Amino acid sequence: MAEGGEKTVAPPLYGRMMRAIRTGHSIGNTIRMLKLPLVFTEQELYFGAIAQFYLLTEALEEALERSKGTSDMVARVAALGLRCAPGYESDLEELGGAEWRERAQRSQTAATSSYCKILQEASDPVELTAAAFILYGALVVGGGKSTQAKVRKIFPNCAHELFDVSEDMKTLRADFKRTFTNIG
């Protein structure tokens with residue numbers, strides 16, 4: 001309650017989550033801007049980087065599927081209709097050849113392995129929703145066709161389907177924001 005007995009209303013979940021990641025995201029972006037050119041110097045480094053996101057996204061999507069019908073929160077996230085692992089799979093196969101899956105597993109970092117384990121064991125809708133916000137948000141809010149075009153210039157031998165999240169990114173971004181706003 002606010003002063004005078006007035007009820008205070010917390011900002012919507014989307015805004016709170018964006019605010020919560022702001023500092024870490026700003027620091028991460030600074031580090032990423034130093035490392036990103038290195039990732040783009042060699043196809044193998046790029047493969048390893050997107051393999052981490054693939055492994056996490058695959059674990060998330062399996063957990064969301066397992067948790068269908070268990071909570072309204074998970075149902076709202078699922079209603080967005082996002083399935084991003086197939087885009088990663090396509091790119092990893094183009095970049096890594098027939099052995100891409102084994103190579104992706106071998107490239108898995110300790111941090112990715114640890115977080116995949118958390119997602120594989122997750123049953124808490126809050127945890128799954130937070131993971132969806134981070135992993136899907138990277139593609140929906142921060143990715144899309146403009147990022148895809150930039151990466152194609154660097155690695156033209158790959159379709160970069162991981163960025164094909166939606167034909168209408170503007171609508172998807174609005175739906176994403178509305179979904180997370182309405183959750184809380």
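Note that this is a predicted model, so its numbers are computed, not measured. (Residues numbered from 1 in each chain as written. Predicted model: local features only at pLDDT ≥ 70, side-chain atom pairs only at ≥ 80, totals over all residues. Heavy atoms only, no water.)

A. View of the overall build of the protein chain. When helices and strands are counted, the protein chain shows 9 helices and 0 strands. Secondary structure of the protein chain in N-to-C order comes out as α-α-α-α-α-α-α-α-α. Per-residue burial for the protein chain yields a buried fraction of 37% across its 184 residues. Taking the intrachain contacts of the protein chain between residues at least 6 apart in sequence as the baseline, contacts between residues at least 24 apart amount to 77%. Of the accessible surface of the protein chain, which amounts to about 10500 Å², a share of 57% is contributed by carbon and sulfur atoms. (Helix = DSSP H or I, 4+ residues; strand = E, 2+ residues; numbered from the N terminus. Buried < 20%, exposed > 50% of the residue type's maximum accessible area, 1.4 Å probe, protein only. Contact = heavy atoms within 4.5 Å. Areas by Shrake-Rupley, 256 points an atom, 1.4 Å probe, with all protein chains shown as cover.)

B. Broad picture of helix α5 (residues 100-107). Every buried residue of α5 is accounted for by W100, R103 and A104. Along the axis of α5, the buried positions cluster into a sector of 100 degrees, meaning they face one direction only. Against the buried residues of α5 lie α2 (43-66) and α4 (85-96). (Arc of directions from axis to C-beta.)

C. Region of the structure containing the nonpolar core. Counting 44 residues, the largest nonpolar core has Y46, L60, L82, L128 and Y136 as the members making the most contacts within it. When contributions to this core are tallied by element, the ones reaching two or more residues are α2, α3 (72-79), α4, α5, α6 (110-121), α7 (125-140) and α9 (169-183). Ranked by the residues each element gives to this core, the list is headed by α2, at 11 residues. When residues no more than four places from it in sequence are discounted, the contact partners of Y136 are T57, L60, E61, L64, L82, C84, A131 and F176. (Core = buried A, V, L, I, M, F, W, Y, C linked by side-chain atoms within 4.5 Å.)

D. Fine view of the side chain of R103. Residue position: R103 is located in helix α5. Setting aside residues up to four positions removed in sequence, R103 forms contacts with E44, F47, L95 and G96.

E. Structural view of the packing of aromatic side chains. According to the stated counting rule, one finds 5 aromatic pairs in the structure shown. Here the aromatic rings of F133 and F176 are separated by 5.8 Å at their centres, their planes lie at 25 degrees, and the arrangement is stacked. Highlighted residues: F133 in helix α7 and F176 in helix α9, separated in sequence by 43 residues. Each member of the pair F133 and F176 is classed as buried. A connected cluster of aromatic rings, assembled from ring pairs, spans F133, F176 and F180. Positioned above the aromatic ring of F47, the side-chain terminus of R103 is 4.4 Å from the ring centre. (Phe/Tyr/Trp six-rings, centres within 6.5 Å; stacked < 30°, edge-to-face > 60°. Lys NZ or Arg CZ within 6 Å of the ring centre and 35° of its normal.)

F. Molecular detail of the layout of surface pockets. One number sums up the size of the second largest pocket: a volume of about 150 Å³. Together, E61, L64, E65, K68, V77, A78, G81, L82, R83 and Y136 line the second largest pocket. Within the residue set of the lining of the second largest pocket, elements represented by two or more residues are α2 and α3. At 3 residues, α2 tops the list of elements feeding residues into the lining of the second largest pocket. (1 Å grid on protein atoms, 1.4 Å probe; cavity = no way out; pocket = protein on both sides within 12 Å on 5 of 7 lines; lining within 4 Å. Points joined across faces, edges and corners; volume = space filled by probe spheres on them.)

On their own, these measurements won't tell you what the molecule is for.
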